[in-house]
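Remarks on the overall topology
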Amino acid sequence: MNVEKIINELIDKINYHNEKYYNEDSPEISDIEYDNLVKELIKLEEENPQFKRIDSPTNRVGGKALEKFNQITHKIPMLSLSNAYSYSDLKDFDKRVRDMVNEDIEYVVEFKIDGLSVGITYDNGEFQYGATRGNGVIGEDISKNLMTIKNIPLKINDNDEIVVRGEVYISKEDFKKVNEQQSEQDLQGFANPRNLAAGSLRQLDPKLTAKRPLDIFIFNLEYSQNNQFKSHSESLEFLSKLGFSVSPNYKVCKNIDEVIEHIKYWTENRENLEFEIDGMVIKVNSLKQRESMGYTAKSPRWAIAYKFPAEKKKTKIIDIIVEVGRTGTITPTAVLEPVRLAGTSVSRATLHNEDYIKEKDIKINDTVLVQKAGDIIPQVLEVIKEERTGEEVEFNMPDKCPVCSEPTVRLEGESAVKCINISCPAQIRRGIIHFASRDAMNIDGLGESIISLLLNENIINDISDLYKIRKEDVVNLERMGEKSATNLINAINKSKENDLWRLINGLGIKFIGTKGAKILANSYKDLDKIMNTTASELVNLEEFGETMANSVVEFFKEDKNIKVVDKLKEYGLNTKVIENENNDINKVFEGMKIVLTGTLPTLKRNDAKEMIESRGGKSTSSVSKSTTFVLAGEEAGSKLTKANELGIKVIDEDTFIELCKLSSKEDVESRLK
Ligand SMILES: NC(=O)c1ccc[n+]([C@@H]2O[C@H](COP(=O)([O-])OP(=O)(O)OC[C@H]3O[C@@H](n4cnc5c(N)ncnc54)[C@H](O)[C@@H]3O)[C@@H](O)[C@H]2O)c1
Ligand SMILES: [Zn+2]
């Protein structure tokens, strides 16, 4: 395979996992696996700069702000951190820093708590609003949820306009408790404290957030209009005096050796902390020096995150079992002789896939080295071949699905062995949950527990069956009743009118998330056309790589999947893009001046322009006081800065598309407020 192709496929994969992790708070792979994908991409991009894409995930921060929240443009962009995995990485960092400033350097070392990054703004001594990081430029307004966290002061004794940044987290003990409650209620556990914190904060109902024992520590003063400080440590002291719970145990170090000493101490002692830390953050202390170093597109040059190496131990593989996930991927898991790692007893380790087992030559009864990093899922690192006795048994991936007995397949270029039977019971439950979820068909009241009931009672067998449910089928179900039953049926019926991308996302095609679904819908306009397209046509779509293209084609080759789609059509689901005809488009942007800047996630520049103009708006090129709003995408640059200076509303593509669907100018104006 050529390098460009490999790079593009890696980008597809990373984008997909970013969406799962940042936008849906439910990662499918471990952080180590993810970090390895990114490292591989960075390496290839460095070796082949001619193929580096401007929209590469190595160029940008995190996720995006979900449309269900109001959007907030950060006064100061909320960036990520570059990573160090060894002391020699830290020494390289120190050298880079000293080369840049040519002066003595003082560092501050802080805990890297594994949680969710938030920015909070105060003015006139009062809490104004708080937001998630989002894509670094635009975040989600989660003010009401943050106000439920006891350690966030609502009033402070300073009238200056202040922006602080911190990490919302949950203690080890509370994490365990919440996961126990989840399993009591037959709900899925959270993969790690970060997912739990993120999932709890990004709730539309603050009451739900309030139920979760969240805490925060503040690690930076992002902006202060009047207070002047020389160093980061000085600003932390100031924040502490104002009543913020500032990152505990931070230390000012005179040189990189002191930094490393401090890190060594916490590597040994982190088990005793009440919260999980996944590393330490090293920051230049002098604010003047920081300013002279500046930023890359993704992170400051004056800071780096050191990630702890994972703890390793020896144990034995007693058995290898397989499980079928929502997308049909059959994952092999090693059953281990229990061993204590990073404070917990470990008896399972993921073996990822067939290639992983082959590469490492893993057999049942092997003695292996296992490790546990920031994640809950431990990994098998290597087989200790010297300890083989001849009793080892080779393992092969099953050629039939262990649940439905249909033949399994392994697609070309993919590492996963899968059951592609869309009616496989193991996949059905997760598949229906996904279908009904807010990013797919968004069916109110159709949550995990109801879906389980419907399956257990044989009321449904696949997603299409949802549309034949009658009220009398469900009214007598546990916790149901007259009103909920009516609401449920109404919500299901309403979803028939959903726009095409929701249906495509709902089908659960591997590697096609919300974004991929929108691209497909906007490009083909009609589900039938998508079903009949070819991989070679699909790879021509913007941001579509071979992995995504093949996955779409394979999905619609399957008889079972075609049958489900046919049934959905019979029940009257919309399978076309919902577009207004040109002549009855409402002039919702009449008289408005709109500036377009940066690269939008799915819309081409000309399309966006056309959408503005056909609705009576004027697409202008420079930001001024008379600009109505700015539509900004990735790498928005100076126009965005200007808009922020002038206090002009900035929106992203999703909001723009929403505005386009509104029926009057008044609606647009009130939505923009
Ligand atoms: N499993 C997956 O599918 C998946 C997908 C995407 C990302 N990830 C994980 O997320 C990581 C990238 O996430 P990221 O961009 O948030 O970077 P990061 O978590 O590696 O580091 C940046 C973050 O650290 C936090 N932080 C905690 N303590 C801090 C302190 N004292 N000072 C400054 N910042 C502090 C901040 O919130 C900041 O946003 C990856 O390394 C990967 O492990 C996993
Ligand atoms: Zn199956």
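From a predicted model like this one, the values you see are computed outputs, not experimental measurements.

1. Digging into the overall build of the protein
- Assigned secondary structure in the protein consists of 25 helices and 22 strands.
- The buried share among the 673 residues of the protein stands at 37%.
- Sequence separation of at least 24 residues holds for 68% of the intrachain contacts in the protein that already meet a minimum separation of 6.

2. Section: the sheet that holds strand S10 (residues 277-284)
- Taken in spatial order, the five strands line up as S2-S11-S10-S3-S9 in an open sheet, and their pairing is mixed. Edge positions in the open sheet fall to strand S2 (83-84) and strand S9 (251-253), since each of these has one partner strand only.
- Alignment of S10 against strand S11 (residues 303-307), held across five bridges, turns out to be antiparallel. Bridge pairing in S11 links Lys283 to Ala303.

3. Here we look at the nonpolar core
- By size, the foremost hydrophobic cluster in this structure holds 83 residues, and its most contacted members are Val168, Ala197, Ile282, Val630, Leu631 and Val650.
- Here this core spans two domains, since at least three of its residues come from each of domain 2 (75-307) and domain 5 (582-672).
- Those residues in contact with Leu631 that sit more than four places away from it in its chain are Ile594, Leu596, Ala608, Ile651 and Phe656.
- Formed by 51 residues, the second largest nonpolar core is a distinct cluster that contains Ile512, Tyr524, Leu568 and Leu573.

4. Comments concerning the site of ligand 1
- Near ligand 1 you find 24 residues, and of these Tyr21, Pro27, Asp31, Ser80 and Ser117 are the closest.
- Elements represented by at least two residues in the shell around ligand 1 include exactly helix H1 (3-23), helix H2 (31-47) and strand S3 (107-113).
- Residues lining the shell around ligand 1 come from more than one domain, with at least three contributed by each of domain 1 (3-59) and domain 2 (75-307).

5. Quick look at the pairing of strand S19 (residues 593-597)
- Of all five residues in S19, four are buried, a share of seventy percent or more.
- This β-α-β element, S19 to helix H22 (residues 605-614) to strand S20 (residues 618-620), shows right-handed connectivity.
- Bridging between S19 and strand S21 (residues 629-632) involves four bridges; their strand directions are parallel. Within the sheet, the bridge partner assigned to Leu596 lies in S21 and is Leu631.

6. With respect to the packing of H1 against H2
- Orientation of H1 relative to H2, taken along the N-to-C sense of each, is 145 degrees, at an axis distance of 10 Å. Relative to H2, H1 is oriented so that their crossing is left-handed. Facing Val3, Ile6, Ile7, Leu10, Ile11, Lys13, Ile14 and His17 of H1, the residues of H2 in contact are Tyr34, Leu37, Val38, Glu40, Leu41, Leu44 and Glu45.
- Its residues assigned to classes, the contact of H1 with H2 comprises 11 nonpolar, one polar and three charged.

7. A short note on the sheet that holds S21
- Ordered in space as S20-S19-S21-S22, the four strands form an open sheet in which the pairing is parallel. Two strands in the sheet have a free side with no partner beyond their single neighbour: S20 and strand S22 (650-651).

8. Considerations on helix H20 (residues 546-557)
- The terminal C-alpha atoms of H20, which comprises 12 residues, lie 16 Å apart, in line with the 16 Å expected from a rise of 1.5 Å per residue.
- Taken as a whole, H20 has its buried residues at Thr547, Met548, Ala549, Asn550, Ser551, Val552, Val553 and Phe555.
- Turning to H20, the residues buried within the fold contact H1, helix H17 (514-524), helix H19 (535-538) and helix H21 (559-570).

9. Quick word on the confidence of the model for the protein
- Averaged over the protein, the pLDDT score is 88; the fraction of residues at 70 or greater is 96%.
- Within the protein, no element has a lower average pLDDT than helix H5 (residues 172-184), which sits at 80, and none a higher one than S9, at 97.

10. So, the environment of Ser30
- Within the secondary structure layout, Ser30 lies in the loop between H1 and H2.
- Considered as a pair, Ser30 and His352 are 322 residues apart in the sequence and their alpha carbons are 9.9 Å apart.

11. A look at the environment of Val564
- Along the polypeptide, Val564 turns up in helix H21.
- Exposure remark for Val564: the 19 C-beta atoms within 10 Å place this residue in the partly exposed category.
- With 102 residues separating them in the primary sequence, Val564 and Asp462 have C-alpha atoms 7.7 Å apart.

12. Section: the UniProt feature "binding site: NAD(+)" (unreviewed entry) in the protein
- Sites flagged by UniProt as "binding site: NAD(+)" (unreviewed entry) map to Asp31, Ile32, Glu33, Tyr34, Asp35, Ser80, Leu81, Glu110, Arg133, Glu167, Lys283 and Lys307.
- Position of Asp31 relative to the elements: it lies in helix H2.
- Among the structural elements, Glu110 can be located in strand S3.
- On the neighbour-count criterion, Glu110 (24 C-beta atoms within 10 Å) is buried.
- Ignoring anything within four residues of it in the chain, the contact list for Glu110 reads Phe219, Ser247, Tyr250, Met280 and Val281.

13. Side note on the packing of H1 against H20
- In contact at an axis separation of 7 Å, H1 and H20 are set at 70 degrees when each is read in the N-to-C sense. With respect to their mutual orientation, H1 and H20 come out roughly perpendicular. Counting all contacts with H1, which are made through Lys5, Glu9, Asp12 and Lys13, the residues of H20 involved are Glu546, Thr547 and Met548.
- Partitioned by chemical class, the residues of the contact of H1 with H20 number one nonpolar, one polar and five charged.

Each value, and the rule that gives it
Residues numbered from 1 in each chain as written. Chains lettered and ligands numbered in written order. Predicted model: local features only at pLDDT ≥ 70, side-chain atom pairs only at ≥ 80, totals over all residues. Helix = DSSP H or I, 4+ residues; strand = E, 2+ residues; numbered from the N terminus. Buried ≥ 20, exposed ≤ 12 C-beta atoms within 10 Å, placed from the backbone. Contact = placed C-beta atoms within 7 Å. Pairing = 2+ DSSP bridges. Core = buried A, V, L, I, M, F, W, Y, C linked by C-beta atoms within 7 Å. Domains from an automatic or database assignment. Near = placed C-beta within 6 Å. Right-handed = clockwise from strand over helix to strand, strands pointing away. Axes fitted to C-alpha atoms, helices over the stretch in contact; angles between N-to-C directions. Left-handed = near helix turned anticlockwise from the far one by under 90°. Nonpolar A, V, L, I, M, F, W, Y, C, P; charged D, E, K, R; others polar. Expected span 1.5 Å × (residues − 1). pLDDT = per-residue confidence, 0-100. UniProt positions renumbered as here; feature names shortened; annotations may be inferred. Parallel < 35°, antiparallel > 145°, perpendicular 65-115°, else oblique.

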